[in-house]
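Here are the chains, one letter per residue:
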Amino acid sequence: MLNEINETVQFIQSMYATKPSVGIVLGSGLGSFADEIDIECEIPYSDIPHFPVSTVKGHTGKLIFGNLGGKKVVAMAGRFHYYEGYSTKEVVFPIRILKFLGIQTLVLSNAAGGINQSYKVGDLMIIHDHISMLTINPLIGKNEEVFGERFPDMSEPYKNNLIKAAKQIAYENNIELKEGVYAGVTGPTFETRAEYKMLNLLGADAVGMSTVQEVIAAVHLGLPVFAMSVITDVGIREEENTITHEEVLQAAKEAEPKLTLIFKQLIVQL
Ligand code: HPA
């Protein structure tokens, strides 16, 4: 694992020598945030040694390096989900790479289903805590001390100072923000009606198929994390309508400008 990390980091540094200070993971339907970056280098995942290989056609993904608000950033356009068949180690491999490239903060976005009954499609939710709903912990196995300690504390996985700063930015720009608990599930099925209700009872405000494993790996690495969900559908509802991937992508697209503004200004302040 460590040899692989070193080889991957060396390869990336041979393509782009500048050290990024912020890592950004872009969620489903939220990829155009990359347009905000003044791009200096792009590396397709398929060119990077040891990077997980995408099995989905036309869904290759890439690392984007460049400037944003005076900061050197690296964005992952496309992430790896457990439901795609990647191992937990593969899902979090890029997060470890970003850390070893030098990032000091990790910012993540995702599309999520609304559980909290006051949430509407298009809402933004700051994640202030999470519940792992049967997602496999990526730290299971021999602990690599260079990553972090065996038993990481998870009392503040999402940094309060970053949450506070984001709320201030939203307030100044008249953007309504929710703040809540994200339940991470494996997917790929959306939840049954009974499961949405169960998640509500358990204290979740939103549910999604990413982020939790990445955040666990980031906390292990000692990286401060900020994460935000776009609510793309609502789980608990009386009507007979279904949830589709297309609906999720469309809702993410529509809410994206608000998310972009907050991410951008937050990164400027880091
Ligand atoms: N459930 C799980 N993952 C999701 C959802 C959902 O309702 N919406 C977007 N990602």
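For every chain, the first residue of the written sequence is number 1, and numbering continues from 1 onward in sequence order. This being a predicted model, a pLDDT of at least 70 is required before a residue's local features are given, and a value of 80 or more before pairs of side-chain atoms are given or counted; all residues contribute to the totals for chains, interfaces and linings. Side-chain measures were taken over the full set of non-hydrogen atoms in the model, leaving aside hydrogen atoms and water.

Trainee: So what exactly am I meant to see when it comes to the packing of aromatic side chains here?
Mentor: Describing an aromatic ring pair means giving the distance of the ring centres and the angle of the ring planes. Any Phe, Tyr or Trp ring, taking Trp's six-membered ring, that has another such ring centre within 6.5 Å forms a pair; planes under 30 degrees apart are called stacked, those over 60 apart edge-to-face, and the others tilted. Under the definition given, this model contains nine aromatic pairs. Ring geometry for Tyr-45 and Phe-80: centres 5.3 Å apart, planes at 40°, overall tilted. Residue Tyr-45 is found in the loop between strand E2 (38-44) and strand E3 (62-68), and its partner Phe-80 is found in the loop between strand E4 (71-77) and helix H2 (88-101); the two are separated by 35 residues along the sequence. Grouping residues by exposure puts Tyr-45 and Phe-80 together as buried. Consider the rings of Phe-100 and Phe-147, whose centres lie 6.0 Å apart with planes at 65°: the pair is edge-to-face. Remark: Phe-147 occurs in the loop between strand E6 (124-132) and helix H3 (160-172) and Phe-100 occurs in helix H2; sequence separation between them is 47 residues. For helices the rule is a DSSP run of H or I covering at least 4 residues; for strands it is a run of E covering at least 2, with both sets numbered from the N terminus onward. Relative accessible area decides the class of each residue, using a 1.4 Å probe on protein chains only: under 20% of the type maximum gives buried, over 50% gives exposed, and in between gives partly exposed.

Trainee: Got a minute to help me understand the site of the ligand in this structure?
Mentor: All residues adjacent to the ligand are Ala-111, Ala-112, Gly-113, Phe-190, Glu-191, Tyr-196, Val-207, Gly-208, Met-209, Thr-232, Asp-233 and Val-248. In this structure, Tyr-196 approaches the ligand through a side-chain N or O atom, which is 2.7 Å from an oxygen atom. Here a nitrogen atom of the ligand and a side-chain polar atom of Asp-233 are 2.7 Å apart. Here the ligand loses 96% of its free accessible area of 260 Å² to cover by the protein chains. Element by element, the count of residues in the shell around the ligand is highest for strand E5 (residues 105-114), at three residues. We call Asp, Glu, Lys and Arg charged. Ala, Val, Leu, Ile, Met, Phe, Trp, Tyr, Cys and Pro are nonpolar, and the rest, Gly among them, are polar. In terms of residue class, the shell around the ligand is built from seven nonpolar, three polar and two charged. Only a single heavy atom is needed: when it lies within 4 Å of a molecule or strand, its residue is near that molecule or strand. Pairs of N or O atoms are called polar contacts if they sit within 3.5 Å, as long as, within protein, a hydrogen donor faces a hydrogen acceptor (for residues adjacent in sequence, only side-chain-to-side-chain pairs). Accessibility throughout is a Shrake-Rupley quantity obtained with a 1.4 Å probe, and a residue counts as covered only by protein chains that appear here.

Trainee: It is not clear to me how the pattern of salt bridges should be interpreted in this structure. Could you clarify?
Mentor: For side chains of opposite charge, pairing can occur when their charged atoms come near one another. Salt bridges are identified by distance alone: a Lys or Arg side-chain nitrogen within 4 Å of an Asp or Glu carboxyl oxygen. Tallied over the full model, the rule gives 10 salt bridges. Where Lys-62 meets Glu-42, a salt bridge forms, and the shortest distance between an N and an O atom there is 3.4 Å. With Lys-62 in strand E3 and Glu-42 in strand E2, this pair connects stretches of sequence that are 20 residues apart. A relative accessible area of 32% means that Lys-62 is categorised as partly exposed. Each of Lys-120, Asp-123, Glu-176 and Lys-178 takes part in a single network of salt bridges with overlapping partners.

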